[in-house]
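# Chain and residue survey
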Amino acid sequence: MTRRGWTLFLAMGLIWGVPYAMIRVAVRDLDPIVVAFGRTLIGGLLLLPVALYARALAPVLRRWRPLLLYTLVEITGPWFLIGYAETTLNSSTVGLLIAAVPLIAVVIVTVLGHDRFDARRVIGLLAGFAGVAALVGLDVDLGNPAALAAIGLTTIGYAVGPIVIDRALADLPPLGVVTGSLLLAAAIYAPFAGWLWPSRITADAAWSVLGLAVICTAAAFLLFFALIAEAGPARATVITYINPAVAILLGVTALDEPLTAGMAIGFPLVILGSVLGTARGRDEAARADLPAPAAPEAPPNYPRGNRHRARACRE
């Protein structure tokens, strides 16, 4: 990978590990729906001129039904649920739990018949879910099952969303899909956010929402598209395994969250499980490396190539 590719890679690993801490700060003073509304609206408006200039939005809006489904399972539901969970759970804990998304995705695509279990994947799933069990059992107060349920639903949504893209939106410009989803999510949040809008917004909460929108959403997507163009979709997805480490580091150093035994045991197990569970076997890798037929002026294949991370700043 080139120096530019490594720079983009490290930037994305950092940027997509930051949101958990920002969300934790924002939901101390704002309702999670208000946080999600501000993030999607500002992020979508920042990307809108770029999408319009690239003529990437019109074809996406013509396919609004799958776009709506994708928005609900990838953005509208998860970004509210993560905010709700972080009103009681530490940001580092949430970041590590969401790192199990690739494991959920493996189970779903296997059940749907698009993949199969082999010894490597079974070991990966067992290791990954053992890490989740260690984290929950040692760190999480089980007296608040709603927060755990919120994260559970989020991981399912994050695993289902890329499948929706792969089946219904993969041939569309990715910038248009992202921009359309953000603006649609903002429209869904709007009436609830208006009802829950606070009489006063603290500086910490305002800066956190702005950071989520500008850095972790709008800028993150533009950088991620550049990373895919530079290094390819397969290498780009490796940032998935860096984000939890960044989330833990920021939670411990910036928010004074404890570095617990559950994290020490759960983090390596979850990452190891995700690597083993999602890595391709030799035969699959050989087939994937075969040259594909040329497609003139084909849009970048971001959604299909990034099945485990097809979202803006996926917390």
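Just so we're clear, the structure is a prediction, and the values are computed from it rather than from any experiment.

What follows concerns empty space enclosed by the protein. For the coordinates displayed, the defined rule picks out 2 cavities of 30 Å³ or more. Here the second largest cavity defines a volume of roughly 60 Å³. In this structure, the second largest cavity is lined by Ile23, Val27, Pro32, Val35, Ala36, Arg39, Trp79, Gly83 and Leu212. Elements with a contribution of two residues or more to the lining of the second largest cavity: α3 (32-53) and α5 (64-85). Among the residues forming the lining of the second largest cavity, the class breakdown is 7 nonpolar, 1 polar and 1 charged.

All right, on to the pattern of salt bridges then. This model, assessed by the stated rule, comprises 3 salt bridges. For Arg63, the salt bridge is made with Asp171, and the minimal N-O distance between the two is 2.8 Å. One end of the pair, Arg63, is in the loop between α4 (58-61) and α5; the other, Asp171, is in the loop between α9 (145-169) and α10 (174-196), and 108 residues separate them in sequence. By relative accessible area, which is 29% here, Arg63 ends up partly exposed. With relative accessibility at 48%, the residue Asp171 sits in the partly exposed group. Measuring nitrogen to oxygen at the nearest pair gives 3.4 Å for the salt bridge that ties Arg120 to Asp118.

Quick look at the packing of aromatic side chains now. Under the definition given, this model contains 5 aromatic pairs. For the pair Trp16 and Phe221, a centre-to-centre distance of 6.1 Å together with 80 degrees between the ring planes defines the contact as edge-to-face. Residue Trp16 is found in the loop between α1 (3-15) and α2 (19-26), and its partner Phe221 is found in helix α11 (residues 203-231); the two are separated by 205 residues along the sequence. Each member of the pair, Trp16 as well as Phe221, carries the same accessibility label: buried. Taken together, a centroid distance of 5.7 Å and an interplanar angle of 35 degrees make the contact between Phe221 and Phe225 tilted. Of the two residues, Phe221 and Phe225 both sit in helix α11, 4 residues apart, roughly one turn of that helix. Across the pair, exposure class does not vary: Phe221 and Phe225 are buried alike.

Here we take up unusual backbone geometry. A positive phi angle, close to 55 degrees, is found at Arg55, a residue other than glycine. A relative accessible area of 72% means that Arg55 is categorised as exposed. The backbone phi angle of Asp256 is positive, close to 60 degrees, even though this residue is not glycine. Within the secondary structure, Asp256 sits in the loop between α13 (243-254) and α14 (261-278).

Where α10 contacts α11, the axes come no closer than 11 Å and their chain directions differ by 165 degrees. Considering their axes alone, α10 and α11 lie roughly antiparallel with respect to each other. When the axes of α10 and α11 are compared, the crossing they make is right-handed. Of the residues in α11, those touching α10 at Pro174, Leu175, Val178 and Leu182 are Thr217, Phe221, Leu222 and Phe225. For the contact of α10 with α11, the per-class residue count stands at 7 nonpolar, 1 polar and no charged.

What counts and how
Residues numbered from 1 in each chain as written. Predicted model: local features only at pLDDT ≥ 70, side-chain atom pairs only at ≥ 80, totals over all residues. Heavy atoms only, no water. 1 Å grid on protein atoms, 1.4 Å probe; cavity = no way out; pocket = protein on both sides within 12 Å on 5 of 7 lines; lining within 4 Å. Points joined across faces, edges and corners; volume = space filled by probe spheres on them. Helix = DSSP H or I, 4+ residues; strand = E, 2+ residues; numbered from the N terminus. Nonpolar A, V, L, I, M, F, W, Y, C, P; charged D, E, K, R; others polar. Salt bridge = Lys/Arg side-chain N within 4 Å of Asp/Glu carboxyl O. Buried < 20%, exposed > 50% of the residue type's maximum accessible area, 1.4 Å probe, protein only. Phe/Tyr/Trp six-rings, centres within 6.5 Å; stacked < 30°, edge-to-face > 60°. Axes fitted to C-alpha atoms, helices over the stretch in contact; angles between N-to-C directions. Parallel < 35°, antiparallel > 145°, perpendicular 65-115°, else oblique. Left-handed = near helix turned anticlockwise from the far one by under 90°. Contact = heavy atoms within 4.5 Å.

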